[in-house]
Amino acid sequence: MTSQTALPIDEYVSIDARDVDAPWQKDSLRIEFSAFGRLWPTSSNYERPLDGDVQTASVRYDGGPAWVRLGRQQVAGGAARFARFDGVMAGVGEGRGLFAEGYGGYGVLPRWNGQPGYHHLGSAEGDVLNDVGPPQERGSNWLAGGRLGYTLPKVTGSLSFHEQHETGGLARRNLGLDAGAQPLDEVSVGARALMEMDSLRFANVRGWIDSTPLPALDVGAEVSRAEPALLLSRQSVLSVFSTDGYEEAGASVAVRALRWLRFEGRGYLMFYDDSDPGGRGEVAARIATGESLPTLFRVAYARVIAPKNGYQSVRASFSRRLSRRIGSTLEAYAYFYDKPILGYSVSSVYAATLSYRVCDPFELLWGASIASSPYAAFDAQTLVRATYAFDAPPPGRRR
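Residues numbered from 1 in each chain as written. Predicted model: local features only at pLDDT ≥ 70, side-chain atom pairs only at ≥ 80, totals over all residues. Heavy atoms only, no water.

Here the focus is the confidence of the model for the chain. On average, residues of the chain carry a pLDDT of 87, and 87% of them reach 70 or more. Low pLDDT, under 50, characterises residues 115–133; the predicted model gives this stretch 34 contacts beyond four residues in sequence or across chains. (pLDDT = per-residue confidence, 0-100. Contact = heavy atoms within 4.5 Å.)

Let us now look at a nonpolar patch on the surface. Side chains of Leu 258, Trp 260, Val 283, Ile 287, Phe 297, Val 299, Tyr 301, Val 314, Phe 318, Leu 330, Phe 336 and Val 346 sit close together on the surface and give an oily, nonpolar patch of about 970 Å² of accessible area. Within the residue set of the nonpolar patch, elements represented by two or more residues are strand 15 (278–289), strand 16 (295–305), strand 17 (310–321) and strand 18 (326–341). Structurally, Phe 297 is set in strand 16. (Patch = residues over 30% accessible without salt bridge, like charges linked within 9 Å, V, L, I, M, F, W, Y side chains within 5 Å. Areas by Shrake-Rupley, 256 points an atom, 1.4 Å probe, with all protein chains shown as cover. Salt bridge = Lys/Arg side-chain N within 4 Å of Asp/Glu carboxyl O. Helix = DSSP H or I, 4+ residues; strand = E, 2+ residues; numbered from the N terminus.)

Looking now at the nonpolar core. Counting eight residues, the largest nonpolar core is built from Trp 67, Val 75, Ala 80, Ala 83, Phe 85, Met 89, Tyr 103 and Leu 143. Elements supplying a minimum of two residues to this core: strand 4 (66–77) and strand 5 (81–92). What Leu 143 contacts, discounting residues up to four positions off in sequence, is Ala 83, Arg 84, Phe 85, Tyr 103, Gly 104, Gly 105, Gly 107, His 162, Glu 163 and Gln 164. (Core = buried A, V, L, I, M, F, W, Y, C linked by side-chain atoms within 4.5 Å. Buried < 20%, exposed > 50% of the residue type's maximum accessible area, 1.4 Å probe, protein only.)

We now examine the pattern of salt bridges. Per the counting criterion, the structure on display carries 26 salt bridges. Ionic pairing is found between Glu 32 and Arg 30, a salt bridge with its closest N-O pair at 3.9 Å. Classification of Glu 32 as partly exposed rests on a relative accessible area of 24%. Where Glu 282 meets Arg 298, a salt bridge forms, and the shortest distance between an N and an O atom there is 3.5 Å. In this pair, Glu 282 sits in strand 15 while Arg 298 sits in strand 16, placing the two residues 16 residues apart along the sequence.

Structurally, Val 189 can be placed in strand 10 (residues 187–196). A C-alpha to C-alpha distance of 6.4 Å links Val 189 and Asp 210, two positions 21 residues apart in sequence.

Let's shift gears to the side chain of Asn 174. Its location among the elements puts Asn 174 in strand 9 (residues 169–184). Since its relative accessible area comes to 4%, Asn 174 is described here as buried. Side-chain polar atoms of Asn 174 contact the backbone oxygen of Ala 79, separated by 3.3 Å. Setting aside its immediate chain neighbours within four residues, Asn 174 contacts Ala 79, Ser 160, Phe 161, His 162, Leu 194, Met 195, Glu 196 and Met 197. (Polar contact = N/O pair within 3.5 Å; in protein donor to acceptor, adjacent residues only side chain to side chain.)

Here it is as structure tokens:
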């Protein structure tokens, strides 16, 4: 076993400008930009000394019921699940009625595939490569898709399609269905399905119902079926092996015992295709007090039983508004494994944040965490974040 000391320094920058005036129409543009840079001062066989990337860089134009967005962006939900691309996305429809959207462009290449020392586990070529290999062709990495749906006051539904190609050929071709309804004010139901078109099998099917039979009581139930292997790229050799599919069924309940006290519980049974059944559950208590200076405390116990291993966990979180301008959070997690992992029977995480609102538009936040796990004997991280909201109201003109 080898060990390395890592001291990376990361810098994130993000800009989100909404309701920007175009020369021909007011409040019609939205500009999004986010990027990161990383300095790796310690020696490493796997990381570059200096790195960075642009995560999002797009401009959206809203022209009445129709809109269009250009640049680096992401599509999420439905058949796409989550994908980033450089291209165009356009849609029509707002509020109730028919809506449609479509997108296409070049997929954002996974930059970590080109790092020295990276092991291409499960590549379609059937080899485990220890070098960078030939650069990927941008023209062979493209994606396209769309969504068509209809929205009524208490019913909504959509059908979506997503196709994505990589250098070796087809990566995924999915068909998605999303539907939801609220037959009563106290009851809502929904269903979601994702079909992998290459095999004509469902990668995921899920249905649920949520209800509030009493003002102080929330209950819910859901059932699902998943085949994780169908979510992998078709270019991965691992996708042709059947990672255990499973069914899951469970329920949740939340009771507002007092105005400031809430109890929560949930439990699920899991039935695997090729192994013993498992399950997971959680019970929690939540206390919320104060209005001008709110305080929130939550403690939870969870149990997970899986075919090869399981764990128990205890989680506690606390947040407190110390003054109108100062806020704080504390979190502590502990995981106790049924069987040791790499010699570790326990993992722990401790985290805290402290924020200070210098003025209405400007806020500073400092955060830190310490963790110990089978994969890092000691992991310490810290974060400093500055946020400026240009559209915040000036002093004396609160909304």
